[in-house]
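Structural overview
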Amino acid sequence: AQSVTQLDSQVPVFEEAPVELRCNYSSSVSVYLFWYVQYPNQGLQLLLKYLSGSTLVESINGFEAEFNKSQTSFHLRKPSVHISDTAEYFCVGGSMNAGNMLTFGGGTRLMVKP
Amino acid sequence: EAQVTQNPRYLITVTGKKLTVTCSQNMNHEYMSWYRQDPGLGLRQIYYSMNVEVTDKGDVPEGYKVSRKEKRNFPLILESPSPNQTSLYFCASSAISGGASDTQYFGPGTRLTVL
């Protein structure tokens, strides 16, 4: 069975500092990996995804994540965060074996302080 | 505007009183699903539907029912709610049925409290 683990439940950081949100997955088959963001009182929105090809994927608002097969990780990074990045971030995995079922990590709350 | 809508957004009810949470999408998506979100547990899938009249259990289906009579609607039914069903519920849809690679589009959520 696939599992997705987000190693930090909360990450406080000052504005303009770099940030890394950690995600590890376990799977014995080809994986699809996503990061979704949930702003306060809203539903989840896709931030970026890895399906195949280049292991480095980027979002339009400066986040990037790298698929690392040897370390089974898909960490999310941003070199300089803004107050508006304050949200909860979910790492999500899917696999060819699991049909359309997705496995969610427990979420990481990013708190950007001025 | 492409969207997934849910109603109601907030609901407080009592144990045993049947309720329905509606979900509708206007993107002609085949796949729809329901999740519950609990602190520290992320989202867990309750039920999903590949297409009209095709539904199946997710990870935590106990105490819930669904139906898919029309492509756009996927209501979640709690026949006899209990306090452990107090949670934040999300409906989601995606275009491709049976593909874990597809982007999910989420509704705004329904916060349910069962007293």
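Right above here is the structure, for reference.
All of the points below concern the structure found in this document. Quantities reported herein were computed from a predicted structural model and do not represent experimental measurements.

Calculation notes
Residues numbered from 1 in each chain as written. Chains lettered and ligands numbered in written order. Predicted model: local features only at pLDDT ≥ 70, side-chain atom pairs only at ≥ 80, totals over all residues. Heavy atoms only, no water. Helix = DSSP H or I, 4+ residues; strand = E, 2+ residues; numbered from the N terminus. Buried < 20%, exposed > 50% of the residue type's maximum accessible area, 1.4 Å probe, protein only. Contact = heavy atoms within 4.5 Å. Lys, Arg positive; Asp, Glu negative; His and termini not counted. Charge placed at Lys NZ, Arg CZ, Asp CG, Glu CD. Patch = residues over 30% accessible without salt bridge, like charges linked within 9 Å, V, L, I, M, F, W, Y side chains within 5 Å. Areas by Shrake-Rupley, 256 points an atom, 1.4 Å probe, with all protein chains shown as cover. Salt bridge = Lys/Arg side-chain N within 4 Å of Asp/Glu carboxyl O. Buried area = accessible area lost by both parts, 1.4 Å probe. Polar contact = N/O pair within 3.5 Å; in protein donor to acceptor, adjacent residues only side chain to side chain.

Helix and strand counts for chain B come out as zero helices and eleven strands. Counting from the amino terminus, helix and strand elements in chain B follow one another as β-β-β-β-β-β-β-β-β-β-β. Once the C-alpha set of chain B is aligned to its principal axes, its extents read approximately 40 × 30 × 25 Å. For chain B, the residues scored as buried account for 50% of the 115 residues in total. Within chain B, contacts between residues at least 6 apart in sequence are counted, and of these 54% link residues at least 24 apart. The distance from the centre of the 12 positive side-chain charges to the centre of the 10 negative ones in chain B is 7 Å.

Here the focus is a nonpolar patch on the surface. Residues and elements named next belong to chain B. A contiguous nonpolar surface patch, about 320 Å² in accessible area, is contributed by I12, V14 and L115. Relative to the assigned elements, V14 resides in the loop between β2 (10-13) and β3 (19-25). Residue classification places V14 among the partly exposed positions, given a relative accessible area of 43%.

Residue and element names in this part refer to chain B. Tracing the sequence through the fold places L19 in strand β3. Taking the relative accessible area as the measure of exposure, L19 reaches 7% and is therefore buried. Here L19 is in contact with L11, T13, L76, I77, L78, P81 and L112, once residues within four sequence places are set aside.

With that out of the way, let us pick up the interface of chain A and chain B. At the interface, 22 residues of chain A touch 26 residues of chain B. Across the interface of chain A and chain B, roughly 1,800 Å² is buried in total on both sides, 55% from carbon and sulfur atoms. Summed over the shared surface of chain A and chain B, the number is zero salt bridges. Linking chain A with chain B are three residue pairs in polar contact (both at pLDDT 80 or more), by the criterion used here. Elements represented by at least two residues in the side of chain A that touches chain B include exactly β5 (31-38), β6 (44-50), β10 (87-95) and β11 (102-104) of chain A.

Note that every value here comes from positions in space, so none of it alone points to a role or purpose.
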